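# Architecture and fold: a report
Residue-level listing of the chains:
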Amino acid sequence: EREFWVTICLGHGDGGDVTVTIDVTDEEYELLKQCCREYEDIDSFAGLENLYERIVAAAKDESECCEPDDEDDIDYDDASYTVAIPEVIYNEVQEED
């Protein structure tokens, strides 16, 4: 399992950060390291599409359970999601170089 920081952008300056913990396969872990080495975003890196979708789904769940009851319904499907590479992977890549 790895912890991912996800920034949710709802537009008009609204949004926030959530942290989600996701199971990552060995193959995905190596791809995350490669993604980090190439300074690419997870959402556009070949082979990480499924992982990105799982992270976003978990971020939506996390956000929806935390929103106040009296707030207007927020459509998380229209939001944009920026997923940060876990710090442990970033540090590992730095040590390898």
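What this report covers is the structure whose coordinates are included nearby. Along every chain, residues carry numbers that run from 1 in the direction the sequence is written. Per-residue local features are limited, in this predicted model, to residues with pLDDT of at least 70; the limit for side-chain atom pairs, both in listing and counting, is 80 or more; totals at the level of whole chains, interfaces and linings are taken over all residues. Derived side-chain values reflect all non-hydrogen atoms in the structure, with water molecules and hydrogen atoms excluded from consideration.

### Some thoughts on the environment of Thr 82
A run of H or I in DSSP counts as a helix once it spans at least four residues, and a run of E counts as a strand once it spans at least two, with each numbered from the N terminus. For Thr 82, the position within the fold is in strand S3 (residues 80–83). Filtering out sequence-adjacent residues up to four positions away, Thr 82 remains in contact with Trp 5, Val 6 and Thr 7. Here a residue-residue contact requires only that any non-hydrogen atoms of the pair lie within 4.5 Å.

### Describing the packing of helix H1 (residues 26–37) against helix H3 (residues 87–96)
Only the stretch in contact is used when a helix axis is fitted, and all axes are lines through C-alpha atoms; the angle between N-to-C directions ranges over 0 to 180 degrees. Here H1 crosses H3 at 65 degrees, and the two axes come no closer than 9 Å. For the element pair H1 / H3, the angle class is roughly perpendicular. As H1 runs across H3, the sense of the crossing is right-handed. Of H3, the residues touching H1 (which contributes Tyr 29, Leu 32, Lys 33, Cys 36 and Arg 37) are Ile 89, Tyr 90, Glu 92, Val 93 and Glu 96. Nonpolar residues are Ala, Val, Leu, Ile, Met, Phe, Trp, Tyr, Cys and Pro. Charged residues are Asp, Glu, Lys and Arg, and all others, Gly as well, are polar. Classifying every residue of the contact of H1 with H3 gives 6 nonpolar, no polar and 4 charged. For classification, angles of less than 35 degrees are called roughly parallel, those exceeding 145 degrees roughly antiparallel, those between 65 and 115 degrees roughly perpendicular, and all remaining angles oblique. Left-handed describes a crossing in which the near helix is turned anticlockwise from the far one by less than a right angle; the clockwise case is right-handed.

### Some details on the nonpolar core
A general tendency of soluble globular proteins is for nonpolar side chains to be buried together. For this analysis, a nonpolar core means a set of buried residues of the types Ala, Val, Leu, Ile, Met, Phe, Trp, Tyr and Cys, connected via side-chain atoms within 4.5 Å. Burial classification: accessible surface area is computed with a 1.4 Å probe over protein chains only, and a residue below 20% of its type maximum counts as buried, one above 50% as exposed, and the rest as partly exposed. Phe 4, Val 6 and Tyr 81 are the most contacted members of the largest nonpolar core, which totals 25 residues. Elements represented by at least two residues in this core include exactly strand S1 (2–11), strand S2 (14–22), H1, helix H2 (49–66), S3 and H3. The element contributing the most residues to this core is H2, with 5 residues.

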